[in-house]
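Chain by chain, the residues run as shown.
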Amino acid sequence: MVNTNKRVIAQGPDALTKLTKGMDTVANMVATTAGPFGRNILIGIRGGSPKPTNDGFNVAKEIFCKDEVEDLGARYIKEVASSIAEESGDGTTTATILAQKMVHSAFEQMGDRNAIGVKNTVNPMSLRRSILKEMNVVIDELKKMAKQVETKEQLYNIALTASEDPEIAKIVSDTIWEVGLDGFVSHQQGSNGVITSEVVRGLRIESGFAERFMVNTRNFECILDKPYVLVTDHIIGDVSPDPEHWFMRLCRELISMGEDKIVVIGETFKDDMIGLAANSLKGGFRILCIRAPYMYQKYVLEDLATYTGAHFIEKGKMPLQQVTVRHLGKAGKVVAKKDETAFIDGAGDKDAIQKAIERLKAEKEKEPLPNFKKKIDERIARLGGAIAVINVDAPTGGDRNYKIDKVEDTIAAVRNAWAEGYVEGGGLALKKIADSGVCPTIADALRAPYNKIQSNAPEKFDIDPNTIDPVKVTRLAVEKACSFAATFITLDGGINNEFDKDLDVLLKKNAPVQE
């Protein structure tokens, strides 16, 4: 092994042994969390409370090895966990177990590990092709076995498999069933030591009233029933008493129609507009000013306009002086708080909303960046007409963090199952494919998740027939594991350009160091 100023170069059987040891360090720790009898791992965070978790991804990402080459192997298998977490939010433990077993099984088939690439019984490149070929066979078999989600009970069973907690399973499955597949479900830290959920039927934006005086309830909210809605990214100001001023003219038009409320969403509001809104509290015509969201402002306002049936009055394209009542949208109710506003029962055309959703789905397929994909998902959820928030709390901070991990996994599992269907859980689906004899090269690896779930239990047990796994998660686990193993078995060395001998560098990342 050569160490040249933070660059470590290693080659040959010793290097492969160390790379494999690093892989095993991560995989063995992750595997202890598998199944209903899986153990928790306590992760120490410098300056904070230790965090217990049995989420495979959260365990994997915190492991670093002291040896430079072992750390390279550890980081490589962590890519399996991180990539599946990014795509599905679940399945990291299964993918890691599959990947590790696939590598060791391949080494056994290749013969003498000290002769990798020289005197192997099976050539690693041939074995690589077999693994990738059989990967497609397994995916086809999973699709044949898949069943579609049709009932709330099936969603609950999926949630229970993922969370291993009846309370979390019920809240998550009920919430997702209520908002639908295109509905947006998020989570946040709750209060009172319990887990609750709330569903907003409508479209929510993350910005609230421009001034506190606009509230009209004891809960510091402003609630208006059936208001008209003006959506713009213009700065609203310079309002004069002149009857021909665009805003005064607009208000007169609404009053002549018997309407008495308008919600104005703008980039910012000048003092004269705020003053007009304040004066409206004394009269019969209410004006509510909502700040346009700072982040992704144009996209949020476009979605809001579509949902309420308004025209988006965009700077540089249409001046405010041209606005008339026909450019306004409408909502059944608007609830504005300090930092968020919900538009309920928007008057937007349903066909237009559906076309916008389909267009966004097409954009998502073409978008390469995960963060932008997530933002597109949020836009689809907004237009889908239902938003849910699960509030998570527990008696202690450590228990709350543990439950947050469980809620995250459960939300992902339920949505994935609804999207592509489900198969038998607990590793049974992959075990049955292995036992069928259609994939001899990776058969032992396919049995590994089931075997590990059993070995984590105090004694062998029969897996509940209601235990089910999402096809999407199982499919991605197989794909990620096969891709990893097919490359790992062809390695003959490694170059670590990022390792710093000063372990304080690792400790600053709040990561436990594996000796």
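These lines cover the structure that appears in this document, whether it is placed above or below. In this text the structure is predicted, and so the values were computed from the model without any measurement. (Residues numbered from 1 in each chain as written. Predicted model: local features only at pLDDT ≥ 70, side-chain atom pairs only at ≥ 80, totals over all residues. Heavy atoms only, no water.)

## Considering the overall build of the chain
Check the secondary structure of the chain and you find 17 helices and 20 strands. Considering only intrachain contacts with a sequence separation of at least 6, the fraction spanning at least 24 residues in the chain is 77%. (Helix = DSSP H or I, 4+ residues; strand = E, 2+ residues; numbered from the N terminus. Contact = heavy atoms within 4.5 Å.)

## Remarks on the pattern of salt bridges
Side-chain pairing between opposite charges can occur once the charged atoms of the two side chains come close. One pass over the structure, following the stated rule, counts 29 salt bridges. In this structure, the salt-bridge partner of Lys406 is Glu164, at a minimum N-O distance of 3.4 Å. Within this pair, whereas Lys406 is found in helix α13 (residues 397-420), its partner Glu164 is found in the loop between α6 (152-163) and α7 (166-179), the two being separated by 242 residues in sequence. Classification of Lys406 as buried rests on a relative accessible area of 5%. Notably, a salt bridge pairs Glu253 with Arg249, separated by 3.8 Å at the nearest N-O pair. (Salt bridge = Lys/Arg side-chain N within 4 Å of Asp/Glu carboxyl O. Buried < 20%, exposed > 50% of the residue type's maximum accessible area, 1.4 Å probe, protein only.)

## Comments concerning the packing of helix α4 (residues 92-110) against helix α16 (residues 471-488)
Where α4 meets α16, the axes come as close as 8 Å, and the angle between the chain directions of the two elements is 35 degrees. The handedness of the crossing between α4 and α16 is right-handed. The residues of α16 that touch α4, namely those facing Thr94, Ala95, Leu98, Ala99, Met102, Val103 and Phe107, are Ala477, Val478, Ala481, Cys482, Phe484, Ala485 and Phe488. Looking at the contact of α4 with α16 residue by residue, the class counts come to 13 nonpolar, 1 polar and no charged. (Axes fitted to C-alpha atoms, helices over the stretch in contact; angles between N-to-C directions. Left-handed = near helix turned anticlockwise from the far one by under 90°. Nonpolar A, V, L, I, M, F, W, Y, C, P; charged D, E, K, R; others polar.)

## Examining the layout of surface pockets
Space inside the second largest pocket adds up to approximately 880 Å³. Taken together, 42 residues form the lining of the second largest pocket, with Gly35, Thr161, Ala162, Glu164 and Asp469 sitting closest to its centre. Among the elements of the structure, α4, α6, α13, β17 (422-424), α14 (428-435), α15 (443-456), β18 (468-470) and α16 are those that each provide at least two residues to the lining of the second largest pocket. Considering every element that reaches the lining of the second largest pocket, the biggest residue donor is α6, with 5 residues. Its residues placed into classes, the lining of the second largest pocket shows 18 nonpolar, 16 polar and 8 charged. (1 Å grid on protein atoms, 1.4 Å probe; cavity = no way out; pocket = protein on both sides within 12 Å on 5 of 7 lines; lining within 4 Å. Points joined across faces, edges and corners; volume = space filled by probe spheres on them.)

## Section: the state of the cysteines
Under the definition given, this model contains 0 disulfides. The closest cysteine sulfur to the non-disulfide-bonded Cys439 is located on Cys482, 8.9 Å from its own sulfur. A relative accessible area of 0% places Cys439 in the buried class. (Disulfide = S-S within 2.5 Å.)

## With respect to helix α11 (residues 350-366)
Under the 1.5 Å per step criterion, the end-to-end length of α11 is 25 Å for 17 residues, consistent within 8% with the ideal 24 Å. Here α11 has its buried residues at Ile353, Ala356, Ile357 and Leu360. Considered in projection along α11, the buried side chains sweep an arc of 100 degrees and stay on one side of the axis. Every exposed residue of α11 that faces more than 90 degrees away from the buried side is listed here: Asp351, Lys355, Glu365 and Lys366. In this fold, the buried residues of α11 make contact with α10 (297-308) and α12 (370-384). Where α11 begins, the side chain of Asp349 points an oxygen toward the backbone nitrogen of Asp351, at a separation of 3.1 Å. (Expected span 1.5 Å × (residues − 1). Arc of directions from axis to C-beta. Polar contact = N/O pair within 3.5 Å; in protein donor to acceptor, adjacent residues only side chain to side chain.)

## Digging into the nonpolar core
Burial of nonpolar side chains together is a common tendency in soluble globular proteins. Among the nonpolar cores identified, the biggest contains 57 residues, and Met102, Val138 and Leu446 are the most heavily contacted of them. For this core, the leading source of residues is α16, giving 10 residues. With 56 residues, the next largest nonpolar core counts Ala277, Phe312, Val325 and Ile357 among its residues. (Core = buried A, V, L, I, M, F, W, Y, C linked by side-chain atoms within 4.5 Å.)

## Side note on a nonpolar patch on the surface
Together, Tyr294, Met295, Tyr296, Tyr299, Leu369 and Phe372 make up a nonpolar patch on the protein surface, roughly 680 Å² of accessible area in all. In this fold, Tyr299 is placed in helix α10. The exposure class of Tyr299 is partly exposed, given its relative accessible area of 42%. (Patch = residues over 30% accessible without salt bridge, like charges linked within 9 Å, V, L, I, M, F, W, Y side chains within 5 Å. Areas by Shrake-Rupley, 256 points an atom, 1.4 Å probe, with all protein chains shown as cover.)

## Focus: the side chain of Thr33
Among the secondary structure elements, Thr33 is positioned in the loop between α1 (13-31) and β3 (41-43). At 2.7 Å, the side chain of Thr33 forms a polar contact with the backbone oxygen of Val30. Excluding residues that lie within four positions of it along the chain, Thr33 makes contacts with Gly38, Arg39, Ile41, Asn54, Gly56, Val59, Thr93 and Asn456.

## Here we look at the packing of α14 against α15
Helix packing for two helices is described by the angle between their axes and how far apart those axes are. Relative to each other, α14 and α15 sit at 150 degrees, their axes nearing to 8 Å. Considering their axes alone, α14 and α15 lie roughly antiparallel with respect to each other. The two elements α14 and α15 cross, and the hand of that crossing is left-handed. Each of Leu428, Leu430, Lys431, Ile433, Ala434 and Asp435 in α14 lies in contact with α15, whose residues at this interface are Ala443, Leu446, Arg447, Pro449 and Tyr450. Among the residues making up the contact of α14 with α15, the classes are represented as 8 nonpolar, no polar and 3 charged. (Parallel < 35°, antiparallel > 145°, perpendicular 65-115°, else oblique.)

## A word on the packing of aromatic side chains
In this structure the tally under the stated criterion is 6 aromatic pairs. Each ring, one from Phe484 and one from Phe488, has its centre 5.3 Å from the other, and the planes form 35 degrees; the classification is tilted. Of this pair, Phe484 and Phe488 are both found in helix α16, 4 residues apart, which corresponds to roughly one turn of the helix. On the basis of relative accessible area, Phe484 is assigned to the buried category, the value being 4%. (Phe/Tyr/Trp six-rings, centres within 6.5 Å; stacked < 30°, edge-to-face > 60°.)

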